Amino acid sequence: PMGAVQGAQLGSLAGWAVGSAGALSADTAERLRGRVERALQSPDVRGLIESEVAEQARARWTLEPERATTTVEVRLQEFWLAYTGDQRVRCVFRINVAVREQPTQPPSPGRPPWPGGDQRRVHEYFCPYSDVTAWLDESQGLVEATLAAASRHLATEIVAGLAGIR
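About the criteria used
Residues numbered from 1 in each chain as written. Predicted model: local features only at pLDDT ≥ 70, side-chain atom pairs only at ≥ 80, totals over all residues. Heavy atoms only, no water. Helix = DSSP H or I, 4+ residues; strand = E, 2+ residues; numbered from the N terminus. Buried < 20%, exposed > 50% of the residue type's maximum accessible area, 1.4 Å probe, protein only. Contact = heavy atoms within 4.5 Å. Areas by Shrake-Rupley, 256 points an atom, 1.4 Å probe, with all protein chains shown as cover. Phe/Tyr/Trp six-rings, centres within 6.5 Å; stacked < 30°, edge-to-face > 60°.

Overview of the overall build of the chain
- The number of helices and strands found in the chain is 5 helices and 5 strands.
- The N-to-C order of helical and strand elements in the chain reads β-α-α-α-β-β-β-β-α-α.
- Taking all 166 residues of the chain together, the buried fraction comes to 40%.
- Residue pairs in contact within the chain that sit at least 24 positions apart in sequence constitute 75% of those at least 6 positions apart.
- Counting only carbon and sulfur atoms, one obtains 48% of the accessible surface of the chain, whose full area is about 9,000 Å².

Rendered as structure tokens:
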């Protein structure tokens, strides 16, 4: 059903933040927040979702930003850490996706230019729980691997959702 897409452009990611780590000791919670914030601020990690969506979208459709009739904006609404109380932590993502169809013809007088408004969807991803010491150990790369896996999963969901919108 998406065969007629002339192009789509992706908006920027916004809203990266680290939520509360719950009942962890103050020192561990602070170290964990710092570790995750550093990973989230990395240009390679920060752009993962956007680049994964673009890569998967390119596999299905032709993306031509200069002639785009469809704009897709992907924003991170929420990111937080969940703690089980037994030294296990996971992260949770909530992503907002807005799809705006640009009319191919000017609107009729008295009609809005975006009939029906934007299409909006929310996608969530719950990372598996891992030991807090693994999250804190930068040499293991658990945070980066977790963010990469979440990005791939969310991108797959987003692109599949886009295929169903048209």
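Still more to cover.
Comments concerning the packing of aromatic side chains
- Scanning all chains against the criterion turns up 1 aromatic pair.
- With a centroid separation of 4.9 Å and an interplanar angle of 65°, the aromatic rings of Phe79 and Phe93 are classed as edge-to-face. Placement of Phe79 in strand β2 (residues 70-83) and of Phe93 in strand β3 (residues 88-101) is noted, with a sequence separation of 14 residues between them. Judged on exposure class, the residue Phe79 and its partner Phe93 are both buried.

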